[in-house]
Amino acid sequence: MSHGLTYPEALVIGALQGVTELFPVSSLGHSVILPALIGGRWARDLDVSTPESPYLAFVVGLHVATALALLVFFWRDWVRIIRGFVTSVRHRRVAGPDERLAWMIILATIPVGLAGLALEHTFRTVLGRPMPAAAFLTINGLLLFGAEQLRRRAARAEPAGARAGDPVPVLVGPDGDATTYASAAVGGPAGSQAAVDLASDHRLAAGSIRGAVLVGSAQILALLPGISRSGVTMAAGLLRGLTHEDAARFSFLLATPVILAAGVLKLPDLFGDLGAGIRGQVLAGSVAAGLSAYAAVKFLTRYFETRTLTPFSVYCLVAGLVSLGWLGLA
(Lines give C-alpha, C1' and ligand atoms only; values in the text may rest on other atoms or scores of the structure.)
Protein backbone atom coordinates (compact mmCIF):
# COMPACT_ATOMS: atom_id res chain seq x y z
CA MET A 1 0.00 0.00 0.00
CA SER A 2 1.29 3.44 -0.90
CA HIS A 3 1.95 5.84 1.95
CA GLY A 4 3.45 8.66 -0.09
CA LEU A 5 2.28 12.19 -0.50
CA THR A 6 1.78 13.67 -3.94
CA TYR A 7 2.41 17.28 -4.94
CA PRO A 8 -1.26 17.93 -5.80
CA GLU A 9 -2.22 16.67 -2.34
CA ALA A 10 0.46 18.84 -0.76
CA LEU A 11 -0.61 22.01 -2.58
CA VAL A 12 -4.34 21.56 -1.99
CA ILE A 13 -4.03 20.64 1.69
CA GLY A 14 -1.39 23.32 2.24
CA ALA A 15 -3.58 26.08 0.81
CA LEU A 16 -6.57 24.69 2.72
CA GLN A 17 -4.58 24.65 5.97
CA GLY A 18 -3.50 28.27 5.61
CA VAL A 19 -7.08 29.47 5.10
CA THR A 20 -8.93 27.22 7.55
CA GLU A 21 -6.40 27.68 10.36
CA LEU A 22 -7.39 31.36 10.52
CA PHE A 23 -10.97 31.28 9.28
CA PRO A 24 -13.18 30.11 12.18
CA VAL A 25 -13.96 26.79 10.49
CA SER A 26 -11.28 24.37 11.83
CA SER A 27 -8.20 23.42 9.82
CA LEU A 28 -7.86 20.01 11.47
CA GLY A 29 -11.50 19.23 10.83
CA HIS A 30 -11.15 20.04 7.13
CA SER A 31 -7.85 18.16 6.89
CA VAL A 32 -9.61 15.06 8.23
CA ILE A 33 -12.93 15.37 6.38
CA LEU A 34 -11.81 16.44 2.89
CA PRO A 35 -9.57 13.42 2.18
CA ALA A 36 -12.33 11.10 3.39
CA LEU A 37 -14.84 12.75 1.07
CA ILE A 38 -12.45 12.47 -1.89
CA GLY A 39 -11.57 8.89 -0.97
CA GLY A 40 -9.06 6.61 -2.66
CA ARG A 41 -5.40 7.50 -2.32
CA TRP A 42 -6.25 10.80 -0.60
CA ALA A 43 -7.98 8.97 2.22
CA ARG A 44 -4.97 6.65 2.63
CA ASP A 45 -2.21 9.25 2.36
CA LEU A 46 -3.89 11.93 4.48
CA ASP A 47 -4.98 10.01 7.55
CA VAL A 48 -4.11 12.15 10.56
CA SER A 49 -5.17 9.46 13.06
CA THR A 50 -2.44 7.02 11.92
CA PRO A 51 0.49 7.31 14.38
CA GLU A 52 3.25 6.69 11.81
CA SER A 53 1.70 8.48 8.84
CA PRO A 54 3.98 10.85 6.88
CA TYR A 55 0.99 13.21 6.93
CA LEU A 56 2.01 14.17 10.49
CA ALA A 57 5.41 15.40 9.32
CA PHE A 58 3.69 17.27 6.52
CA VAL A 59 1.36 19.03 8.96
CA VAL A 60 4.40 20.20 10.96
CA GLY A 61 5.65 22.19 7.98
CA LEU A 62 2.22 23.69 7.39
CA HIS A 63 1.96 24.88 10.99
CA VAL A 64 5.35 26.56 10.89
CA ALA A 65 4.48 28.28 7.59
CA THR A 66 1.15 29.51 8.95
CA ALA A 67 2.78 30.90 12.08
CA LEU A 68 5.44 32.67 10.01
CA ALA A 69 2.71 34.27 7.89
CA LEU A 70 1.08 35.59 11.08
CA LEU A 71 4.42 36.91 12.33
CA VAL A 72 5.00 38.74 9.06
CA PHE A 73 1.52 40.26 9.01
CA PHE A 74 1.63 41.39 12.65
CA TRP A 75 5.35 42.17 12.76
CA ARG A 76 4.85 45.67 14.14
CA ASP A 77 2.71 44.32 16.97
CA TRP A 78 5.21 41.59 17.79
CA VAL A 79 8.10 44.06 17.86
CA ARG A 80 6.16 46.12 20.43
CA ILE A 81 5.06 43.04 22.38
CA ILE A 82 8.54 41.52 22.57
CA ARG A 83 10.04 44.90 23.47
CA GLY A 84 7.40 45.25 26.17
CA PHE A 85 8.21 41.82 27.57
CA VAL A 86 11.96 42.55 27.68
CA THR A 87 11.32 45.91 29.33
CA SER A 88 8.98 44.32 31.86
CA VAL A 89 11.53 41.66 32.84
CA ARG A 90 14.38 44.15 32.97
CA HIS A 91 12.53 46.60 35.22
CA ARG A 92 10.43 43.99 37.04
CA ARG A 93 7.18 45.77 36.35
CA VAL A 94 4.07 45.59 34.20
CA ALA A 95 3.28 49.20 33.41
CA GLY A 96 2.57 50.22 29.82
CA PRO A 97 0.16 48.60 27.36
CA ASP A 98 2.89 46.72 25.48
CA GLU A 99 4.21 45.16 28.69
CA ARG A 100 0.71 44.26 29.79
CA LEU A 101 -0.27 42.76 26.44
CA ALA A 102 2.91 40.67 26.39
CA TRP A 103 2.08 39.09 29.75
CA MET A 104 -1.56 38.63 28.79
CA ILE A 105 -0.50 36.59 25.74
CA ILE A 106 2.00 34.54 27.77
CA LEU A 107 -0.45 33.72 30.56
CA ALA A 108 -3.29 33.06 28.12
CA THR A 109 -1.12 30.59 26.19
CA ILE A 110 -0.09 28.42 29.16
CA PRO A 111 -3.39 26.48 29.56
CA VAL A 112 -3.59 25.34 25.93
CA GLY A 113 0.13 24.56 25.91
CA LEU A 114 -0.22 22.19 28.87
CA ALA A 115 -3.42 20.68 27.50
CA GLY A 116 -1.83 20.16 24.10
CA LEU A 117 1.12 18.28 25.56
CA ALA A 118 -1.19 16.08 27.62
CA LEU A 119 -4.10 15.47 25.23
CA GLU A 120 -3.15 16.19 21.61
CA HIS A 121 -2.02 12.67 20.74
CA THR A 122 -5.03 11.03 22.37
CA PHE A 123 -7.54 13.39 20.78
CA ARG A 124 -5.93 13.08 17.35
CA THR A 125 -5.70 9.29 17.27
CA VAL A 126 -9.09 8.62 18.91
CA LEU A 127 -11.16 11.46 17.45
CA GLY A 128 -9.17 12.40 14.33
CA ARG A 129 -11.52 10.45 12.08
CA PRO A 130 -14.05 11.75 9.55
CA MET A 131 -17.29 11.12 11.45
CA PRO A 132 -16.20 12.67 14.79
CA ALA A 133 -14.62 15.58 12.90
CA ALA A 134 -17.87 16.22 11.00
CA ALA A 135 -19.82 16.10 14.26
CA PHE A 136 -17.46 18.58 15.94
CA LEU A 137 -17.59 20.84 12.88
CA THR A 138 -21.37 20.99 13.34
CA ILE A 139 -20.88 21.80 17.02
CA ASN A 140 -18.41 24.52 16.02
CA GLY A 141 -21.16 26.14 13.96
CA LEU A 142 -23.50 26.05 16.95
CA LEU A 143 -20.84 27.60 19.20
CA LEU A 144 -20.27 30.48 16.78
CA PHE A 145 -23.99 31.06 16.35
CA GLY A 146 -24.60 30.95 20.10
CA ALA A 147 -21.79 33.41 20.81
CA GLU A 148 -23.21 35.87 18.28
CA GLN A 149 -26.67 35.65 19.79
CA LEU A 150 -25.42 36.14 23.34
CA ARG A 151 -23.23 39.06 22.27
CA ARG A 152 -26.16 40.78 20.57
CA ARG A 153 -28.34 40.25 23.62
CA ALA A 154 -25.64 41.73 25.87
CA ALA A 155 -25.16 44.68 23.49
CA ARG A 156 -28.89 45.48 23.57
CA ALA A 157 -28.77 45.47 27.37
CA GLU A 158 -25.86 47.93 27.56
CA PRO A 159 -26.71 51.58 28.18
CA ALA A 160 -26.08 54.03 25.35
CA GLY A 161 -22.47 55.23 25.26
CA ALA A 162 -21.17 52.17 27.09
CA ARG A 163 -20.64 49.75 24.23
CA ALA A 164 -17.70 47.38 24.59
CA GLY A 165 -16.00 48.80 21.55
CA ASP A 166 -15.90 52.41 22.74
CA PRO A 167 -12.22 53.46 22.54
CA VAL A 168 -11.75 54.75 26.08
CA PRO A 169 -9.69 52.13 27.97
CA VAL A 170 -7.56 53.41 30.83
CA LEU A 171 -4.28 52.00 32.07
CA VAL A 172 -2.72 53.03 35.38
CA GLY A 173 1.05 53.19 35.51
CA PRO A 174 3.29 52.53 38.53
CA ASP A 175 3.32 56.22 39.39
CA GLY A 176 -0.45 56.30 39.64
CA ASP A 177 -0.99 58.33 36.47
CA ALA A 178 -3.87 57.23 34.28
CA THR A 179 -3.50 57.36 30.53
CA THR A 180 -6.45 57.18 28.16
CA TYR A 181 -5.93 55.71 24.72
CA ALA A 182 -8.31 56.88 22.00
CA SER A 183 -8.44 55.03 18.71
CA ALA A 184 -7.69 58.17 16.68
CA ALA A 185 -4.88 59.49 18.89
CA VAL A 186 -2.41 56.76 19.75
CA GLY A 187 0.51 57.54 17.49
CA GLY A 188 0.92 57.85 13.79
CA PRO A 189 -1.28 59.84 11.44
CA ALA A 190 -4.92 59.95 12.48
CA GLY A 191 -6.87 57.22 10.76
CA SER A 192 -3.76 55.37 9.50
CA GLN A 193 -3.73 51.58 9.72
CA ALA A 194 -0.82 51.71 12.16
CA ALA A 195 -2.80 53.99 14.46
CA VAL A 196 -5.87 51.75 14.22
CA ASP A 197 -3.78 48.66 15.00
CA LEU A 198 -2.10 50.35 17.94
CA ALA A 199 -5.44 51.48 19.31
CA SER A 200 -6.73 47.93 19.14
CA ASP A 201 -3.68 46.64 21.02
CA HIS A 202 -4.20 49.27 23.70
CA ARG A 203 -7.85 48.32 24.10
CA LEU A 204 -6.84 44.68 24.48
CA ALA A 205 -4.13 45.58 26.99
CA ALA A 206 -6.68 47.52 29.05
CA GLY A 207 -8.72 44.35 29.61
CA SER A 208 -8.34 42.06 32.61
CA ILE A 209 -5.65 39.39 32.87
CA ARG A 210 -8.30 36.92 34.02
CA GLY A 211 -10.39 37.63 30.94
CA ALA A 212 -7.38 37.11 28.67
CA VAL A 213 -6.61 33.76 30.30
CA LEU A 214 -10.22 32.65 29.87
CA VAL A 215 -10.14 33.58 26.19
CA GLY A 216 -6.82 31.81 25.72
CA SER A 217 -8.08 28.72 27.54
CA ALA A 218 -10.86 28.40 24.98
CA GLN A 219 -8.18 27.22 22.56
CA ILE A 220 -8.16 23.89 24.41
CA LEU A 221 -11.42 23.03 22.66
CA ALA A 222 -9.60 23.31 19.32
CA LEU A 223 -7.72 20.11 20.17
CA LEU A 224 -10.96 18.44 19.08
CA PRO A 225 -10.93 18.01 15.28
CA GLY A 226 -13.69 20.19 13.88
CA ILE A 227 -13.53 22.87 16.58
CA SER A 228 -11.84 26.02 15.30
CA ARG A 229 -9.08 27.68 17.32
CA SER A 230 -9.82 31.14 15.95
CA GLY A 231 -13.55 30.50 16.20
CA VAL A 232 -13.65 29.56 19.89
CA THR A 233 -11.23 32.31 20.91
CA MET A 234 -13.24 34.89 18.99
CA ALA A 235 -16.45 33.57 20.54
CA ALA A 236 -14.90 33.78 24.01
CA GLY A 237 -13.66 37.30 23.26
CA LEU A 238 -17.13 38.41 22.18
CA LEU A 239 -18.61 37.00 25.37
CA ARG A 240 -15.98 38.94 27.33
CA GLY A 241 -17.22 42.15 25.68
CA LEU A 242 -14.68 42.60 22.88
CA THR A 243 -15.71 43.93 19.50
CA HIS A 244 -15.46 41.59 16.53
CA GLU A 245 -12.38 43.47 15.33
CA ASP A 246 -10.55 43.23 18.66
CA ALA A 247 -11.66 39.64 19.25
CA ALA A 248 -10.25 38.62 15.87
CA ARG A 249 -7.01 40.48 16.46
CA PHE A 250 -6.50 38.93 19.91
CA SER A 251 -7.33 35.52 18.47
CA PHE A 252 -4.61 35.84 15.83
CA LEU A 253 -2.04 37.13 18.34
CA LEU A 254 -2.82 34.23 20.70
CA ALA A 255 -2.69 31.68 17.89
CA THR A 256 0.78 32.68 16.67
CA PRO A 257 2.90 31.27 19.53
CA VAL A 258 0.66 28.19 19.86
CA ILE A 259 0.82 27.27 16.17
CA LEU A 260 4.55 28.00 15.98
CA ALA A 261 5.29 25.97 19.10
CA ALA A 262 3.21 23.04 17.82
CA GLY A 263 5.24 23.03 14.62
CA VAL A 264 8.68 23.53 16.16
CA LEU A 265 8.02 20.87 18.83
CA LYS A 266 7.53 18.25 16.13
CA LEU A 267 10.24 19.35 13.72
CA PRO A 268 12.26 16.21 14.52
CA ASP A 269 9.45 14.22 12.85
CA LEU A 270 9.94 16.23 9.68
CA PHE A 271 13.69 15.62 9.62
CA GLY A 272 13.37 12.03 10.79
CA ASP A 273 12.01 8.88 9.17
CA LEU A 274 8.47 10.25 8.83
CA GLY A 275 9.74 13.05 6.59
CA ALA A 276 11.79 10.80 4.33
CA GLY A 277 10.76 11.07 0.70
CA ILE A 278 8.24 13.88 1.16
CA ARG A 279 10.35 16.91 2.02
CA GLY A 280 9.81 18.42 -1.41
CA GLN A 281 6.06 18.05 -0.95
CA VAL A 282 6.37 19.57 2.53
CA LEU A 283 8.13 22.61 1.07
CA ALA A 284 5.50 23.03 -1.66
CA GLY A 285 2.64 22.65 0.80
CA SER A 286 4.28 25.04 3.27
CA VAL A 287 4.64 27.75 0.64
CA ALA A 288 0.97 27.32 -0.27
CA ALA A 289 0.00 27.41 3.41
CA GLY A 290 2.04 30.54 4.13
CA LEU A 291 0.66 32.47 1.15
CA SER A 292 -2.95 31.47 1.82
CA ALA A 293 -2.61 32.20 5.54
CA TYR A 294 -1.30 35.71 4.83
CA ALA A 295 -4.17 36.36 2.41
CA ALA A 296 -6.65 34.96 4.94
CA VAL A 297 -5.52 37.11 7.87
CA LYS A 298 -5.42 40.21 5.66
CA PHE A 299 -8.99 39.54 4.59
CA LEU A 300 -10.30 38.67 8.04
CA THR A 301 -8.84 41.70 9.83
CA ARG A 302 -10.79 43.91 7.43
CA TYR A 303 -13.86 41.68 7.40
CA PHE A 304 -14.37 41.76 11.15
CA GLU A 305 -14.22 45.54 11.27
CA THR A 306 -17.87 45.54 10.19
CA ARG A 307 -19.13 41.96 10.03
CA THR A 308 -19.81 38.96 12.25
CA LEU A 309 -19.26 35.23 12.75
CA THR A 310 -22.72 34.32 11.48
CA PRO A 311 -21.76 33.32 7.89
CA PHE A 312 -19.07 31.02 9.27
CA SER A 313 -21.50 29.45 11.73
CA VAL A 314 -23.90 28.70 8.87
CA TYR A 315 -21.10 27.22 6.78
CA CYS A 316 -19.94 24.94 9.60
CA LEU A 317 -23.47 23.74 10.30
CA VAL A 318 -24.15 22.96 6.64
CA ALA A 319 -20.72 21.44 5.93
CA GLY A 320 -20.81 19.36 9.12
CA LEU A 321 -24.31 18.00 8.55
CA VAL A 322 -23.71 17.28 4.85
CA SER A 323 -20.44 15.51 5.68
CA LEU A 324 -22.16 13.43 8.35
CA GLY A 325 -24.83 12.42 5.88
CA TRP A 326 -22.38 11.70 3.05
CA LEU A 327 -19.94 9.73 5.19
CA GLY A 328 -22.77 7.85 6.85
CA LEU A 329 -24.00 6.63 3.46
CA ALA A 330 -20.51 5.73 2.22
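To be clear, the structure that these remarks concern was listed above.
Residues numbered from 1 in each chain as written. Predicted model: local features only at pLDDT ≥ 70, side-chain atom pairs only at ≥ 80, totals over all residues. Heavy atoms only, no water.

### Quick look at the overall build of the protein
- If you tally the helices and strands in the protein, you get 14 helices and two strands.
- For the protein, buried positions account for 49% of its 330 residues.
- Restricting the contact set of the protein to residue pairs at least 6 apart, pairs at least 24 apart contribute 76%.
- Of the roughly 14,900 Å² that the protein leaves accessible, carbon and sulfur atoms contribute 68%. (Helix = DSSP H or I, 4+ residues; strand = E, 2+ residues; numbered from the N terminus. Buried < 20%, exposed > 50% of the residue type's maximum accessible area, 1.4 Å probe, protein only. Contact = heavy atoms within 4.5 Å. Areas by Shrake-Rupley, 256 points an atom, 1.4 Å probe, with all protein chains shown as cover.)

### Overview of the layout of surface pockets
- Approximately 1,000 Å³ is the volume found for the largest pocket.
- Lining the largest pocket we find 45 residues, and of these H63, E120, R229, V258 and A262 sit closest to its centre.
- Every element with two or more residues in the lining of the largest pocket is listed here: α1 (7-22), α2 (27-38), α4 (54-73), α6 (97-127), α10 (229-239) and α11 (244-265).
- Among the elements that make up the lining of the largest pocket, the one with the highest residue count is α6 (11 residues).
- Class assignment of the residues belonging to the lining of the largest pocket gives a composition of 26 nonpolar, 14 polar and five charged. (1 Å grid on protein atoms, 1.4 Å probe; cavity = no way out; pocket = protein on both sides within 12 Å on 5 of 7 lines; lining within 4 Å. Points joined across faces, edges and corners; volume = space filled by probe spheres on them. Nonpolar A, V, L, I, M, F, W, Y, C, P; charged D, E, K, R; others polar.)

### What about the environment of A255?
- With respect to the helices, strands and loops of the structure, A255 is situated in helix α11.
- Classification of A255 as buried rests on a relative accessible area of 5%.
- Measuring from C-alpha to C-alpha, the distance between A255 and R229 comes to 7.6 Å, with 26 residues separating the pair along the chain.
- If we skip the residues at most four places from it in the chain, A255 touches Q219 and R229.

### Points about the environment of L224
- Summarising the element assignment, L224 is placed in the loop between α9 (209-217) and α10.
- Take L224: its relative accessible area is 16%, and that puts it in the buried class.
- Between the C-alpha atoms of L224 and V126, which are 98 residues apart in sequence, the distance is 10.0 Å.
- Those residues within four positions of L224 in sequence are excluded, and the remaining contacts are F123, L127 and F136.

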